[in-house]
Amino acid sequence: MADFELPPSYTTASNDLRSDTFTTPCPEMVQAGLGASIGDAVYQEDVDTIRLEQTVAQLAGKEAGLYCVSGTLSNQIGVRTHLTQPPYSILCDYRAHIYTHEAAGLAILSQAMVVPVVPRNGNYLTLEDIKRHFVPDDGDIHGAPTRVISLENTLHGIVYPLEELVRIRVWCLENGVKLHCDGARIWNASVACNVPMRQYGELFDSISICMSKSMGAPMGSVLVGDLKFIKKANHFRKQQGGGVRQSGMMCAMALWTIKDNWKAKLLHSHQLAHELAEFCVEKGIPLESPADTSFVFISLSQAKMDPDVLVKKGLKYGIKLMGGRIAFHYQVNRDTLEKAKQAIWEAFEYAKEHPFNSEGETKIYRSESTEKVDVNGKPIHDIKTYKY
């Protein structure tokens, strides 16, 4: 596959591999925002907000969409809308963002019991995993019946096999269970497997579709579902303070990302991740997960690598890392890939002489002004330590 050519305006975040959220708006995207509508979106009177909601909903084959300021908000109100009479429980992967990285939202906002499941295959939940942990509403007053199953596609960069999603969907319909998708990176899944978004829409009752992760918009996700579901979700969005008045500016920029050759941009990031994964395999650097899309997860525990050392090695080469998760996006260039290979290799070699005890305290390094030194004793400026 030919490399995606990066115009000069796309290179601002080219050295940042911490997350695919670190993309920055190019001038063309900013111009789209400057020409946006300025209606009141809370009263459903903003043209560009409505246009984005309708566009994403139609791509996913759903009746309606609701713009939310974040994927956390769209996930939380999406699940909450599916839940009616407690007690109830939600089943998800033990690594799911909705469970591990949304500040206990399921417990606080939905007052739901969560059943986190470790997939037996190590990568994704199968129907058999779900059946094993499913709590039926069979009259047993001791349990909290499973009302919603939430799946993440992609999860750790892993694409959910379409045939497994079909099996799960059929079973959910037979058992009256709602199926939600945290589609923070569903665009990546669609591109990697050549599966239309509409086909994913047929499999889920609701999907949270992010416009910033990988796609490059400054902020926002669109929750999609049927019309009745979205109307009720809007109620919860208001309750949780998520109503935005002039959201047209953000929505116009998000719309621009859909029109701007997004498939080629995502494939570019996937290709870089695949090359880094191949490099790691060749060098004997263990990986946690298959690099199906734009992420490479290095198994720091198996390699006995200190994440602090890895981050400092990255800084030595002028790139930003954050632990063993290496995230590519369309503004990353090939030069950054080569620097990442060198930094990872040096950290791996360092670990052979200085194996890291993963049970001990570790820190992570991000941009802020405090002087530190790298593992080679050289001063590193503009760095502050944080717990990992």
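Residues numbered from 1 in each chain as written. Predicted model: local features only at pLDDT ≥ 70, side-chain atom pairs only at ≥ 80, totals over all residues. Heavy atoms only, no water.

- For the protein, the name recorded in an unreviewed UniProt entry is low-specificity L-threonine aldolase, with Zygosaccharomyces mellis as its organism.
- Quoted straight from UniProt, the Cofactor (unreviewed entry) entry for the protein says "pyridoxal 5'-phosphate".
- In UniProt, the protein has this text filed under Pathway (unreviewed entry): "Amino-acid degradation; L-threonine degradation via aldolase pathway; acetaldehyde and glycine from L-threonine: step 1/1." (UniProt positions renumbered as here; feature names shortened; annotations may be inferred.)

### A few points about the overall build of the protein
- Looking only at helices and strands, one finds 15 helices and 13 strands in the protein.
- Every one of the 388 residues in the protein was classed for burial, and the buried ones make up 55%.
- When contacts within the protein are restricted to residue pairs at least 6 apart in sequence, those whose partners lie at least 24 apart make up 71%.
- Accessible area for the protein stands at about 17,200 Å²; split by element, carbon and sulfur atoms hold 51% of it. (Helix = DSSP H or I, 4+ residues; strand = E, 2+ residues; numbered from the N terminus. Buried < 20%, exposed > 50% of the residue type's maximum accessible area, 1.4 Å probe, protein only. Contact = heavy atoms within 4.5 Å. Areas by Shrake-Rupley, 256 points an atom, 1.4 Å probe, with all protein chains shown as cover.)

### Topic: the UniProt feature "modified residue: N6-(pyridoxal phosphate)lysine" (unreviewed entry) in the protein
- Residues annotated by UniProt as "modified residue: N6-(pyridoxal phosphate)lysine" (unreviewed entry) correspond here to Lys 213.
- Inspection of the secondary structure puts Lys 213 in the loop between β6 (206-210) and β7 (221-225).
- On the basis of relative accessible area, Lys 213 is assigned to the buried category, the value being 17%.

### A few points about the nonpolar core
- One finds Leu 52, Ile 149, Leu 151, Trp 187, Ile 209 and Met 211 to be the most contacted residues of the largest nonpolar core, which totals 51 residues.
- Counting the residues that make up this core, at least three belong to each of domain 1 (1-24 + 261-388) and domain 2 (35-259).
- Setting aside residues no more than four positions away along its own chain, Ile 209 makes contact with Val 56, Ala 60, Gly 183, Ile 186, Trp 187, Met 197, Ser 221, Val 222 and Val 224.
- Core analysis: the second largest hydrophobic core is formed by 27 residues, Ala 277, Ala 291, Ile 319 and Ile 326 among them. (Core = buried A, V, L, I, M, F, W, Y, C linked by side-chain atoms within 4.5 Å. Domains from an automatic or database assignment.)

### Here's the deal with the environment of Tyr 350
- Structurally, the position occupied by Tyr 350 is in helix α15 (residues 334-353).
- Each C-alpha atom of the pair Tyr 350 and Val 309 lies 8.3 Å from the other, and the pair is 41 residues apart in sequence.

### Concerning the packing of aromatic side chains
- With the rule as written, the count across this model stands at five aromatic pairs.
- Summarising the aromatic geometry, the rings of Trp 187 and Trp 262 are spaced 4.9 Å apart at their centres and angled 75° between planes, so their arrangement reads as edge-to-face. Of this pair, Trp 187 sits in helix α8 (residues 186-193) while Trp 262 sits in helix α12 (residues 262-283); the two residues are 75 residues apart in sequence, bridging distant segments of the chain.
- Positioned above the aromatic ring of Phe 22, the side-chain terminus of Arg 18 is 3.9 Å from the ring centre.
- Between the NZ or CZ atom of Lys 232 and the centre of the ring of Phe 236, over which it lies, the distance is 5.6 Å. (Phe/Tyr/Trp six-rings, centres within 6.5 Å; stacked < 30°, edge-to-face > 60°. Lys NZ or Arg CZ within 6 Å of the ring centre and 35° of its normal.)

### A closer look at the pattern of salt bridges
- According to the stated counting rule, one finds 18 salt bridges in the structure shown.
- Close ionic contact of Arg 132 with Asp 129 constitutes a salt bridge, the shortest N to O distance being 3.7 Å. Remark: Asp 129 and Arg 132 occur in helix α6 (residues 127-133); sequence separation between them is three residues, near one turn of the helix.
- Under the relative-accessibility criterion, Arg 132 is labelled partly exposed at 47%. (Salt bridge = Lys/Arg side-chain N within 4 Å of Asp/Glu carboxyl O.)

### Digging into the sheet that holds strand β4 (residues 146-152)
- Judged by pairing direction, the sheet is mixed, and its seven strands sit side by side in the order β1-β7-β6-β5-β4-β2-β3 without closing on themselves. Strands at the two margins of the open sheet, each flanked by one partner only, are β1 (64-68) and β3 (113-117). Across the sheet, the axes of successive neighbouring strands diverge by a mean angle of 20°, strand direction being ignored.
- As paired elements, strand β2 (residues 89-93) and β4 share four bridges and run parallel to each other. Considered in β4, the bridge of Ile 90 is made with Val 148.
- Contacts from helix α10 (residues 227-239) reach β1, β6 and β7 within the one sheet, and its direction differs from that of β1 by about 20°. (Pairing = 2+ DSSP bridges. Axes fitted to C-alpha atoms, helices over the stretch in contact; angles between N-to-C directions.)

### Some thoughts on the environment of Val 115
- Take Val 115: it is sitting in strand β3.
- Given the relative accessible area of 13%, Val 115 is considered buried.
- Along the chain, Val 115 and Tyr 99 lie 16 residues apart, while their C-alpha atoms are 9.3 Å from each other.

### Examining the confidence of the model for the protein
- Within the protein, residue pLDDT values average 91, and 89% of them lie at 70 or more.
- Low pLDDT (under 50) marks residues 361-371, which in the prediction has 54 contacts with non-local residues, meaning those over four places away or in another chain.
- Here residues 380-388 scores under 50 on pLDDT; set against residues more than four positions off or in separate chains, the count is 46 contacts. (pLDDT = per-residue confidence, 0-100.)

### Let's talk about the environment of Glu 346
- Its location among the elements puts Glu 346 in helix α15.
- Taking relative accessible area as the criterion, Glu 346 reaches 17% and is therefore assigned buried.
- Spatially, the C-alpha atoms of Glu 346 and Val 309 are 9.2 Å apart, while their sequence positions differ by 37 residues.
- Dropping the residues within four chain positions of it, Glu 346 is found in contact with Lys 313, Lys 316 and Tyr 317.

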